[in-house]
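Structural overview for review
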Amino acid sequence: MTGEQDAAVPASRRQPPRHVVVMGVSGAGKTTVARGISDAAGLTFAEADEFHSEANVARMRSGVPLDDAARWPWLRALADWMATRDAEGVSTVLACSALKRSYREVLRQGPPTVDFVHLDGTAEVIRERMARRAGHYMPASLLDSQLAILERFEPGESGLVLDVSLSPEELVSAAVDRLGLRTGATALPG
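Residues numbered from 1 in each chain as written. Predicted model: local features only at pLDDT ≥ 70, side-chain atom pairs only at ≥ 80, totals over all residues. Heavy atoms only, no water.

Remarks on the packing of aromatic side chains
How two aromatic rings sit relative to each other is given by the distance of their centres and the angle of their planes. Within the structure shown, the criterion is met by two aromatic pairs. An angle of 75° between the planes, with centres 6.2 Å apart, marks the rings of F51 and W81 as edge-to-face. Separated by 30 residues along the polypeptide, F51 in the loop between β2 (44-47) and α2 (54-61) and W81 in helix α3 (residues 68-87) bring together distant segments of the chain. Here W81 falls in the buried class, since its relative accessible area comes to 15%. On the basis of an interplanar angle of 80° and a centroid distance of 5.5 Å, the ring pair of W72 and Y103 is categorised as edge-to-face. Taken as a pair, W72 in helix α3 and Y103 in helix α4 (residues 101-108) lie far apart in primary sequence, 31 residues in all. Residue W72 is classed as partly exposed on the basis of its relative accessible area, which comes to 26%. The buried category is assigned to Y103, whose relative accessible area is 1%. (Phe/Tyr/Trp six-rings, centres within 6.5 Å; stacked < 30°, edge-to-face > 60°. Helix = DSSP H or I, 4+ residues; strand = E, 2+ residues; numbered from the N terminus. Buried < 20%, exposed > 50% of the residue type's maximum accessible area, 1.4 Å probe, protein only.)

Observations regarding helix α1 (residues 30-41)
Counted at 1.5 Å a residue, the expected span for α1 with its 12 residues is 16 Å, and the 16 Å between its end C-alpha atoms agrees. Summarising the contacts, the buried residues of α1 are in contact with β1 (19-23), β2, β3 (92-95), β4 (115-120) and α7 (168-179). Immediately downstream of α1, the backbone of G42 shows phi near 80°, a positive value. (Expected span 1.5 Å × (residues − 1). Contact = heavy atoms within 4.5 Å.)

Some details on the sheet that holds β4
Paired through backbone hydrogen bonds, the strands of a sheet run either parallel or antiparallel to each other. Strand order in the open sheet made by the five strands is β2-β3-β1-β4-β5, with parallel pairing throughout. The sheet is open, and its two borders are formed by β2 and β5 (160-163), each paired with just one other strand. Taken pair by pair, the neighbouring strands of this sheet meet at an average axis angle of 20°, ignoring direction. Sheet strands in contact with α1 are β1, β2, β3 and β4, and its direction is about 170° off that of β3. Across the face of the sheet, α3 comes into contact with β1, β2 and β3 while running at roughly 165° to β3. (Pairing = 2+ DSSP bridges. Axes fitted to C-alpha atoms, helices over the stretch in contact; angles between N-to-C directions.)

Thoughts on the environment of V106
Among the structural elements, V106 can be located in helix α4. A relative accessible area of 12% means that V106 is categorised as buried. For the pair V106 and A77, spaced 29 residues apart in sequence, the C-alpha separation works out to 9.8 Å. Other than its neighbours up to four places away in sequence, V106 contacts W72, L75, R76 and A79.

So this is what it looks like as structure tokens:
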């Protein structure tokens, strides 16, 4: 399993697990980049969409955006998932929209630390990407509602912003390098 601590390294020399949330609006490339980070740095990957209730999925599939009441249990489940992995000594990377600061604050309540990577770009670039993907329940028509509620990082809120016009490979490389991740994902940036 990826993300496990090396049992041969004494506990006193092990670094704490790392937790990364790749965030942005639907179509920004969160899943692709998060999987790439998982592969490059050995973090355990999860897709936040898989944590949604059937009711939430049906609502989005029908073109109705989720309200905060529908999102809170989902966000708490994601924070709990990261906290559980942290207790196991396992580093994670999560593909999750995390559009509002309040949503990111809920995710930060899981493990001791979370690094956020915001895949940001123009609506035109993201719309084009959404039009090319197949089999996703989130229709392109909901992009405007996501852009309307998106809260970019505020002063005092740490996070890495990457331009979605870069290739997926460039985005993964930039995230791994700038976060100081290495295979095993136990090294702290330094």
